[in-house]
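Structure assessment
Next come the chains, spelled out residue by residue.
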Amino acid sequence: MTELTGGPGLPQERRVVTAVPGPESQKLWARKQATVADGVGAVLPVFVRRAGGGVLEDVDGNSLIDLGSGIAVTSVGNSAEAVVRRAGAQLEAFTHTCAMVAPYEPYVEVCEQLAALTPGDHAKKSALFNSGAEAVENAVKIARVYTGRQAVVVFDHGYHGRTNLTMALTAKNMPYKHGFGPFAPEVYRVPLAYPYRWLTGPENCAQEAAAQAIDQITKQIGAENVAAMIIEPVLGEGGFIEPAKGFLPAMAEFARENGIVFVADEIQSGFCRTGQWFACEDEGIVPDLITTAKGIAGGLPLAAVTGRAEIMDAAHSGGLGGTYGGNPVACAAALGAIETMKELDLPARARRIGEVMKSRLTAMAEKHEVIGEVRGRGAMIAIELVKPGSKDPDPQATAALAKACHQEGVLVLTTGTYGNVMRFLPPLVIGEDLLNEALDVLENALAAL
Ligand code: PLZ
């Protein structure tokens, strides 16, 4: 089956040999329509045959430059050598015992790595789960049992998952929540320091937003009733929003003063993506708990809650778990992904990607008024598209631009509360030539818009 081998050896090129989607993808799409629930959509109806490095190859033989990494997951590239080697060996040794029934070393080793890599030099413990949403739910369980309090504070534009509790924690209605209620109680949303859209402008955004958030918490909830405050250090689905500098430290400090468990949701921003191991390091934040998933395991499903040992140990034995949480193959894959991140110094690669992208996107923004802002960090970069001469969101232009890129063989994703943010999440191992070629395609598509 050499023909089907993906991974780092796959030719690193953009190649468009049919319409996108091509005839084979269209046939598969028809089968999908007949048998897969309509609620499960697809950004691009192209069926993947193999993938690796910075490209996805489809069933028609097109090779697309990947600027999505499966939503910030394949940071080490698809089928990365160390991931395949370690997960493969684990597959042959055993596939599952259930960590709650009979444990195994890879689970412990992942928790050791998490303790070493996450911010802060306090004693830390972890628990492993299958998905980001499950990690966030468990962070709330742990914070509640530790504090004996119930309320949870989240922020405007926040995204934390699609399960019932995490839908409640997520800000945006369509498509995540619409029709799926009622939602879990004791969830309270407060303002976020979103510099581009702060009404009085970006200068005082951090202080004003923090003051408003703290006022709402103290007056509407009562700080003494709050178990946890959950925030993404760089917001993902909300539109790659970097909270104005100073906002995160102010909120973390307020949480500390009031015995509130401060949870950094680094599911999208973590594991080298923003040019640090974790995005909260940029402002020296040491969260009480940190949730991770996505990039942690090179594409296999794994998630974690990591934090202060005394908080993590508050849940009684048997209170945390699940059949598959910390599956041995996923743990082995995570150890392979972490090995790759260290060996290739992927935080540095992410910073370099950020430099290349930001300088080129800033030049594009100078020519094209439709780009209202270029923002983000490392390999988590976005442009916010607006109607020229205003800050009115332009989701139509965003969708048209994405479509034009897709047709030319560049996979880009859109996001944001207003659907007007184009986000770029390349695998951190992408070659610089390929990255520049993708940006050429974007530049041409912008000119043709
Ligand atoms: N927290 C910060 O980004 C997942 C969602 C894609 P799961 N983001 C991608 C979609 O439309 O479903 C995410 C996140 C942050 C939590 C989650 C949830 O992680 O692994 O998708 O459950």
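What comes next concerns the included structure.

Rules and cut-offs
Residues numbered from 1 in each chain as written. Predicted model: local features only at pLDDT ≥ 70, side-chain atom pairs only at ≥ 80, totals over all residues. Heavy atoms only, no water. Core = buried A, V, L, I, M, F, W, Y, C linked by side-chain atoms within 4.5 Å. Buried < 20%, exposed > 50% of the residue type's maximum accessible area, 1.4 Å probe, protein only. Helix = DSSP H or I, 4+ residues; strand = E, 2+ residues; numbered from the N terminus. Domains from an automatic or database assignment. Contact = heavy atoms within 4.5 Å. Pairing = 2+ DSSP bridges. Polar contact = N/O pair within 3.5 Å; in protein donor to acceptor, adjacent residues only side chain to side chain.

Our focus in this paragraph is the nonpolar core. Counting 99 residues, the largest nonpolar core has Ile 217, Met 229, Phe 247, Leu 361 and Phe 424 as the members making the most contacts within it. The biggest single contributor to this core is helix H10 (residues 328–343), with nine residues. A domain-level breakdown of this core finds at least three residues from each of domain 1 (23–66 + 345–448) and domain 2 (82–343). Ignoring any residue separated from it by four or fewer positions in sequence, one finds Phe 424 in contact with Leu 67, Phe 240, Met 357, Leu 361, Ala 379, Met 380, Ile 381, Ala 382, Ile 383, Val 412 and Leu 442. Of all hydrophobic cores here, the second largest spans 26 residues; its members include Ala 135, Ala 143, Val 152 and Ile 230.

Before going further, it helps to spend a moment on the sheet that holds strand E3 (residues 63–66). Reading across the sheet, the four strands line up as E1-E2-E3-E13 and stay open at both edges, with mixed pairing between neighbours. In this open sheet, the two edge strands, each paired with only one partner strand, are strand E1 (48–52) and strand E13 (410–411). Here E3 runs beside E13; their pairing, made up of two bridges, is parallel. Paired with Ile 65 across the bridge in E13 is Val 410.

Topologically, Thr 415 is positioned in strand E14 (residues 413–415). In terms of polar contacts, Thr 415 uses its side chain to reach the backbone carbonyl oxygen of Glu 237, at 2.8 Å. In this structure, Thr 415 is in contact with Gly 236, Glu 237, Gly 238, Gly 239, Asn 420, Val 421 and Arg 423, ignoring residues within four places of it in sequence.

In short, shape yes, function no, at least from these values alone.
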